[in-house]
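# Coordinate analysis (summary)
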Amino acid sequence: MEQKHLLIIGGVVCIVAAIALILILTGGTTLTAGTSVYENGVLTTPIHYDGEEKNVWFQYNIFRQDTLLGSTQVCESESVLGTLTKGDFTTELQIDLPPGEYKVFIYVLERDEGTRRITGFIQNIVIS
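Below is a short write-up of the structure. (Residues numbered from 1 in each chain as written. Predicted model: local features only at pLDDT ≥ 70, side-chain atom pairs only at ≥ 80, totals over all residues. Heavy atoms only, no water.)

### Side note on the side chain of Thr-45
Spelled out, the test is: Under the DSSP-based scheme used, a helix requires at least four consecutive residues in state H or I and a strand at least two consecutive residues in state E, with every element numbered from the N terminus. What qualifies as a polar contact is a pair of N or O atoms within 3.5 Å, subject to a donor-acceptor requirement within protein and to the restriction that residues adjacent in sequence count only when both atoms come from side chains. Two residues form a contact once any of their heavy atoms are found within 4.5 Å.
Positionally, Thr-45 belongs in strand S3 (residues 42-50). Here the side chain of Thr-45 touches Ser-36 through a polar contact of 2.7 Å, side chain to side chain. Setting aside residues up to four positions removed in sequence, Thr-45 forms contacts with Ala-33, Gly-34, Ser-36, Tyr-60, Phe-89, Thr-90, Thr-91, Ile-106 and Gln-123.

Printed below as a string of structure tokens:
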């Protein structure tokens, strides 16, 4: 029984250490995106960021879902300049999208360090 408790404690310690290592390597910052909304020719995505100010590109690639397994790219590497600051803000991409289902890929690239990718988001939107 005692060996079982030691094994459980050892597992918990490993998990906590792994989480701490991830936070140290990423600087403890978070960058999240809310649900994108398309309205009046503008695709708006809410962003939340906890970290130091960074100049970034928001790069968009958008695919129209034609069938369950088939899609057509309708927007390739459309970029929006932005500055990540602590808190909530939105990105806006002006684009003409007809009604349909779309898969939106948003990549966040750091401008100051040779366009290093910080993160990416994939979202599904439906335009009626």
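### Digging into the environment of Gln-94
Which entries qualify depends on this criterion: For every residue, the accessible area obtained with a 1.4 Å probe (protein chains only) is divided by the maximum for its type, and the residue is called buried under 20%, exposed over 50%, and partly exposed between those limits.
With respect to the helices and strands, the residue Gln-94 is situated in strand S6 (residues 87-94). Using a relative accessible area of 67% as the deciding quantity, one classes Gln-94 as exposed. Sequence separation between Gln-94 and Asn-40 is 54 residues; the distance between their C-alpha atoms is 8.9 Å. Apart from the residues within four sequence positions on either side, Gln-94 is in contact with Gly-41 and Val-42.

### Topic: the pattern of salt bridges
Where side chains of opposite charge bring their charged atoms close, a pairing between them can arise. To be explicit about the condition: The rule for a salt bridge is simple: a side-chain nitrogen of Lys or Arg has to be within 4 Å of a carboxyl oxygen of Asp or Glu.
Tallied over the full model, the rule gives three salt bridges. A salt bridge links Glu-110 to Lys-54; its shortest N-O distance comes to 3.9 Å. Here the residue Glu-110 occupies a position in strand S7 (residues 100-110), and Lys-54 occupies one in strand S4 (residues 54-65), the gap between them amounting to 56 residues. With a closest N to O distance of 2.8 Å, Asp-66 and Arg-64 form a salt bridge. According to the relative accessible area criterion, Asp-66 is partly exposed, its value standing at 39%. Here the salt bridges share partners, and the residues they tie into one network are Lys-54, Glu-110 and Arg-116.

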